[in-house]
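# Summary of the model geometry
This is what each chain is made of:
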Amino acid sequence: MENSLSKNLIILHLAVVVAFSGAIWAQQKEGFVEAWEIRHNLLQPPVKIMDTIGLKPGMVIGDVGAGRGRFTVWFADRVGDKGKVYANDILEKSLRHLEQRCERLGFTNVITCLGTVVKPNIPDKVLDIAFMINVYHHLEKPVELLKNIIPTLKPDGTLVIVEHEPVKSGYATESTSEEEMVKKADEAGYKLEKIETFLARDNIYFFKKK
Ligand SMILES: C[S@@+](CC[C@H](N)C(=O)[O-])C[C@H]1O[C@@H](n2cnc3c(N)ncnc32)[C@H](O)[C@@H]1O
């Protein structure tokens, strides 16, 4: 009995190790992922998120607060040659890193936009989707930035925000409640379309211009 229990435990551990290594291998094989990103991408899977937001070849997406391009590279691959990614951040160093990364991967459909804390500096009326992940709780002036994203959207464009939810994530500060998110977006000129709650730590908010 004891023997078969420990045998089952060993098999279970092996299965977990194989599944985890498989996920890491799959991401590295694509050449898309830097080592630090693996942990984040397991909790915020790029393919599942792109499917959820309806990102398709030929679309134009703005990655606001793109950082070192964790999601930009997946977006560039998904939208393809006929689409575009506007990768925005306020840190020039991160954008230079992102540009080199895209060059290495052969993406020619990524345009970097150095912004200020309140302006994304993305051209007007170009985006099907303006997207933010792990960014909202870092914003110094969230309402002002959200307001200034509105002109960048096409008439039926969507603002998508992936943000840590306080109870699910256990983060008291680096998170935003649903109530607060909807209130601030409302102040900035958006109405809530829907919320997806399947991620372990985050909610995905979909907003349209009012
Ligand atoms: C935790 S990182 C997330 C980066 C990337 N989205 C990711 O998930 O890997 C937060 C990023 O937001 C950027 N950021 C902060 N305030 C910003 C603002 N007002 N406009 C654009 N980017 C901003 C930071 O410079 C940083 O690169």
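See above for the structure.
These lines cover the structure that appears in this document, whether it is placed above or below. (Residues numbered from 1 in each chain as written. Predicted model: local features only at pLDDT ≥ 70, side-chain atom pairs only at ≥ 80, totals over all residues.)

For the rest of this paragraph, the subject is the overall build of the protein. Within the protein, the secondary structure is distributed over eight helices and seven strands. Across the 210 residues that make up the protein, the buried fraction comes to 35%. Expressed as a percentage of contacts within the protein between residues at least 6 apart in sequence, the contacts between residues at least 24 apart total 66%. (Helix = DSSP H or I, 4+ residues; strand = E, 2+ residues; numbered from the N terminus. Buried ≥ 20, exposed ≤ 12 C-beta atoms within 10 Å, placed from the backbone. Contact = placed C-beta atoms within 7 Å.)

Turning next to helix 4 (residues 72–79). For helix 4, a buried count of six out of eight residues is recorded, marking the element as mostly surrounded by other parts of the structure. Looking only at helix 4, the buried set comprises Thr72, Val73, Trp74, Phe75, Ala76 and Val79. Residues of helix 4 that are buried in the fold lie against helix 3 (46–53), strand 1 (60–64), strand 2 (84–89), helix 5 (92–105) and strand 3 (110–114). Looking one or two places after helix 4, you find Gly80, whose phi comes out positive at around 70°.

Pairing of strand 5 (residues 153–164) with strand 7 (residues 202–209) involves six bridges; the strand directions are antiparallel. Considered in strand 7, the bridge of Ile161 is made with Tyr205. One ladder, built from six bridges, connects strand 6 (residues 190–196) with strand 7; its direction is antiparallel. Across the sheet, the residue bridging to Lys191 is Lys208, located in strand 7. (Pairing = 2+ DSSP bridges.)

What follows concerns the nonpolar core. Among the nonpolar cores identified, the biggest contains 48 residues, and Ile61, Ile129 and Phe131 are the most heavily contacted of them. With six residues, strand 4 (residues 127–133) is the largest single contributor of residues to this core. (Core = buried A, V, L, I, M, F, W, Y, C linked by C-beta atoms within 7 Å.)

What follows concerns the environment of Thr152. Turning to its location among the elements, Thr152 is positioned in the loop between helix 6 (142–149) and strand 5. If we skip the residues at most four places from it in the chain, Thr152 touches Gly62, Pro120, Ile122, Pro123, Asp124, Val126, Leu127 and Ala130.

Two numbers describe how helix 6 lies on helix 8 (residues 178–188): the axes approach to 8 Å, and their chain directions differ by 55°. In terms of their interaxial angle, helix 6 and helix 8 are classed as oblique. Judged by the twist between their axes, the crossing of helix 6 over helix 8 is right-handed. Together, Pro142, Val143, Leu146 and Lys147 of helix 6 and Lys184, Ala185, Glu187 and Ala188 of helix 8 make up the contact between the two elements. Here the residues of the contact of helix 6 with helix 8 are counted per class, giving five nonpolar, no polar and three charged. (Axes fitted to C-alpha atoms, helices over the stretch in contact; angles between N-to-C directions. Parallel < 35°, antiparallel > 145°, perpendicular 65-115°, else oblique. Left-handed = near helix turned anticlockwise from the far one by under 90°. Nonpolar A, V, L, I, M, F, W, Y, C, P; charged D, E, K, R; others polar.)

Bringing the site of the ligand into the picture now. Surveying the vicinity of the ligand reveals 18 residues, the closest of which are Gly65, Gly67, Arg70, Val117 and Asn134. Taken together, the residues of the shell around the ligand sort by class into nine nonpolar, seven polar and two charged. (Near = placed C-beta within 6 Å.)

The complete set of buried residues in helix 6 reads Pro142, Leu145, Leu146 and Ile149. An end-on view of helix 6 places all buried positions within 100° of arc, on one side of the element. Turning to helix 6, the residues buried within the fold contact strand 1, strand 4, strand 5, helix 8 and strand 6. (Arc of directions from axis to C-beta.)

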